[in-house]
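Chain by chain, the residues run as shown.
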Amino acid sequence: MSTPCDHDHARSGLHGPALAQALDVAEARLSQAGERMTAPRRRVLSLLLETGEPVKAYDLIARFGADGQAAKPPTVYRALEFLERQGMAHRIASISAYVACAGHADEPPGAAAHAAAFLICDCCGATREVHGPDRGGIAAAAAAAGYEIARTTIEAHGRCHACRAAA
């Protein structure tokens, strides 16, 4: 991300009943898959959903405790790794941040599911998950080379509509 821009942007985090419903759906998906939504996992997913944008792990650590008490780093990192494995969160490597998966509630947890694709604004940092390309081509190339793909993440950098309009 370059210099922060000076114009307004809409942020899209979940709050109130929408947040509670998203957490309940996530817990039900995990239960159906024989997994547990522990308190730390639920808290980390809640923070990701509330923010509605990529968050650095150390920001999650700092905001973890409801009373302002920071969490121990391994607690948050373990929760993030679990949520990633279950397809409920993504790591955006180019900005070293995590974001809640924008959908795909119909996919089973832990499935080698969709190819995550992110549009990342280099001006304001806004990030949007979009449907990634069909994994067929890269999966075939990987198979021919003797590889099995666990997950695919595409990161495209540019400028969002609001930043382009304000320029």
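Residues numbered from 1 in each chain as written. Predicted model: local features only at pLDDT ≥ 70, side-chain atom pairs only at ≥ 80, totals over all residues. Heavy atoms only, no water.

1. Things to note about the nonpolar core
Counting 25 residues, the largest nonpolar core has Val-44, Leu-45, Leu-48, Leu-60, Val-76, Leu-80 and Leu-83 as its most contacted members. Within the residue set of this core, elements represented by two or more residues are α1 (16-32), α2 (39-51), α3 (57-63), α4 (73-85) and β2 (97-100). With residues up to four places along the chain from it excluded, the contact list for Leu-83 reads Arg-41, Val-44, Leu-45, Met-88 and Ala-89. (Core = buried A, V, L, I, M, F, W, Y, C linked by side-chain atoms within 4.5 Å. Buried < 20%, exposed > 50% of the residue type's maximum accessible area, 1.4 Å probe, protein only. Helix = DSSP H or I, 4+ residues; strand = E, 2+ residues; numbered from the N terminus. Contact = heavy atoms within 4.5 Å.)

2. Here's the deal with the confidence of the model for the chain
Taken over all residues, the pLDDT of the chain has a mean of 85, while the share at 70 or more is 83%. Least confident of the elements in the chain is helix α5 (residues 136-144), whose mean pLDDT is 82; most confident is α2, at 96. (pLDDT = per-residue confidence, 0-100.)

3. Some details on the packing of α1 against α2
The interhelical angle for the contact between α1 and α2, taken along N-to-C directions, is 135 degrees, at an axis separation of 10 Å. Here α2 runs oblique to α1, going by the angle between their axes. As for the relative orientation of α1 and α2, their crossing is right-handed in sense. In contact with Leu-19, Ala-22, Leu-23, Asp-24, Ala-26 and Glu-27 of α1, α2 contributes Arg-42, Leu-45, Ser-46, Leu-49 and Glu-50. Of the residues belonging to the contact of α1 with α2, the class tally is 6 nonpolar, 1 polar and 4 charged. (Axes fitted to C-alpha atoms, helices over the stretch in contact; angles between N-to-C directions. Parallel < 35°, antiparallel > 145°, perpendicular 65-115°, else oblique. Left-handed = near helix turned anticlockwise from the far one by under 90°. Nonpolar A, V, L, I, M, F, W, Y, C, P; charged D, E, K, R; others polar.)

4. What to know about the pairing of strand β4 (residues 127-131)
Sheet topology places strand β3 (residues 116-121) next to β4; 5 bridges connect them, and they run antiparallel. Looking across to β4, one finds that Leu-119 is bridged to Arg-128. Where β3 hands over to β4, the hairpin turn is made up of 5 residues, of which Gly-125 adopts a positive phi near 90 degrees. (Pairing = 2+ DSSP bridges.)

5. Quick look at the sheet that holds β3
The strand order across the open sheet formed by 3 strands is β4-β3-β5, and the pairing between neighbours is mixed. Either end of the sheet is taken by a strand with one partner, and the two such strands are β4 and β5 (153-158). Across the sheet, the axes of successive neighbouring strands diverge by a mean angle of 25 degrees, strand direction being ignored.

6. As for the side chain of Arg-41
Take Arg-41: it is sitting in helix α2. For the buried Arg-41, no salt bridge exists, and the shortest N-O distance to an oppositely charged side chain is 4.8 Å, to Glu-35. Not counting residues up to four positions away in its chain, the partners in contact with Arg-41 are Arg-36, Ala-79, Phe-82 and Leu-83. (Lys, Arg positive; Asp, Glu negative; His and termini not counted. Salt bridge = Lys/Arg side-chain N within 4 Å of Asp/Glu carboxyl O.)

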